[in-house]
Amino acid sequence: MSVNHLILYTLLTFSLSFPATSAINYNVINLSPNTPGGIRFTKEIGIPFTKKIMRTINDFIWSTLFQQNTPADRKPLDCVNVYIVEFDGAEGVQWGSYNINVSSIFLNGYEGDLKWKFTSLFYHEMTHCFQWDGEGRAPLNLVEGVADYAKLKAGYAQQGYAARGQGDRWDQGYDFTARFLEYCDGIVPGFVAKLNKKMRHNFDVIYFKELTGKNVDRLWKEYKAKYGK
Ligand SMILES: *[C@@H]1O[C@H](CO)[C@@H](O)[C@H](O)[C@H]1NC(C)=O
Ligand SMILES: [Zn+2]
């Protein structure tokens, strides 16, 4: 083995043991291909586009949203599965750690740029796959708030998304909680990433104080005062 070969060998071994990007498989299955929404999925979105945005969003979640630079920091997943399926009452639902169901009824009924809306939905649902929730102890509305914060941070907040300062409680959920998390991130850069890291095995509302020096009720009051509502 020459020196050059040794170097090449070392580089190869290194890149194999530390994959630069995701080693996660994205599986997309249209289970209702003959329904109006399933047909619209094939025509306007398609499986290749879905897999492409999943990779982009996955990288965004690791590098920007949660700032998890080593595999040991990340949720260990091998795959994320997407099913286009007929169900009513929600745009999409994430389940069993690594599955996302998207409603073909929602896809059929949506008026506007469907690819954009689909991408926005995926920022939310994929965040559920990769976020920590204190092993189930974090408030559900905080978990939803973090998922909606991903949309905001990525520039995919939909029309009608809460404005800064809106809401009655920090744990109201979704876009209301996301706006509050945005405020906390303004006080402590990387707040959401740090909070997520703390939520790996447990949850305690004291985490807000540990990260910002102020308890969550005080933060909420100052947030509301800042935006005059
Ligand atoms: C998602 O769709 C699959 C396939 O139809 C189904 O087996 C599963 O129960 C659905 N999950 C939820 C949470 O609705
Ligand atoms: Zn959700």
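These figures come from a predicted structure and were not determined experimentally.

(A) Main features of the pairing of strand β1 (residues 25-30). Here β1 shows a buried face lined by Tyr26, Val28 and Asn30 and an unburied face lined by Asn25, Asn27 and Ile29. In terms of strand pairing, β1 meets strand β2 (residues 79-85) through six bridges, oriented parallel. Each residue of the ladder has a partner; that of isoleucine 29, found in β2, is tyrosine 83.

(B) Quick look at the nonpolar core. Within the largest apolar cluster, 58 residues are counted, with the highest numbers of intra-cluster contacts made by Phe180 and Phe208. The two domains that each donate at least three residues to this core are domain 1 (1-130) and domain 2 (135-229). When neighbours within four sequence positions are excluded, phenylalanine 180 is seen to be in contact with Trp170, Phe208, Val216, Leu219, Trp220 and Tyr223.

(C) Spatial organisation of the packing of aromatic side chains. Within this structure, the stated rule accounts for 18 aromatic pairs. Plain terms: the ring middles of phenylalanine 118 and phenylalanine 122 are 4.5 Å apart, the flat faces sit at 35° to each other, and that makes the pair tilted. Placement of both phenylalanine 118 and phenylalanine 122 in helix α5 (residues 114-130) is noted, with a separation of four residues, approximately one turn of the helix. For the pair phenylalanine 118 and phenylalanine 122, one class covers both residues: buried.

Each value, and the rule that gives it
- Think of each chain on its own: its residues are numbered from 1, step by step along the sequence as written.
- The lettering of chains begins at A and the numbering of ligands begins at 1, in the order of writing.
- Local features in this predicted model are restricted to residues of pLDDT 70 or higher, and side-chain atom pairs are both shown and tallied only at a pLDDT of 80 or more, whereas totals for entire chains, interfaces and linings draw on every residue.
- Side-chain measures here rest on the full set of heavy atoms in the structure, leaving out hydrogens and waters.
- Per-residue accessibility, obtained with a 1.4 Å probe over protein chains only, is compared with the maximum for each type, and a residue is labelled buried under 20%, exposed over 50%, and partly exposed between these values.
- Here a strand is any run of E in DSSP of at least two residues, a helix any run of H or I of at least four, and the numbering for each starts at the N terminus.
- Criterion used throughout: strands pair if DSSP finds at least two bridges between them.
- To define a nonpolar core, start from buried Ala, Val, Leu, Ile, Met, Phe, Trp, Tyr and Cys residues and group those joined through side-chain atoms within 4.5 Å.
- All domain edges in this entry derive from an automatic or database-based domain assignment.
- In this analysis, two residues are considered to be in contact whenever any of their non-hydrogen atoms come within 4.5 Å of each other.
- Ring pairs are drawn from Phe, Tyr and Trp, using the six-membered ring of Trp, whenever the two centres fall within 6.5 Å, and their geometry is named by plane angle: stacked under 30 degrees, edge-to-face over 60, tilted for the rest.

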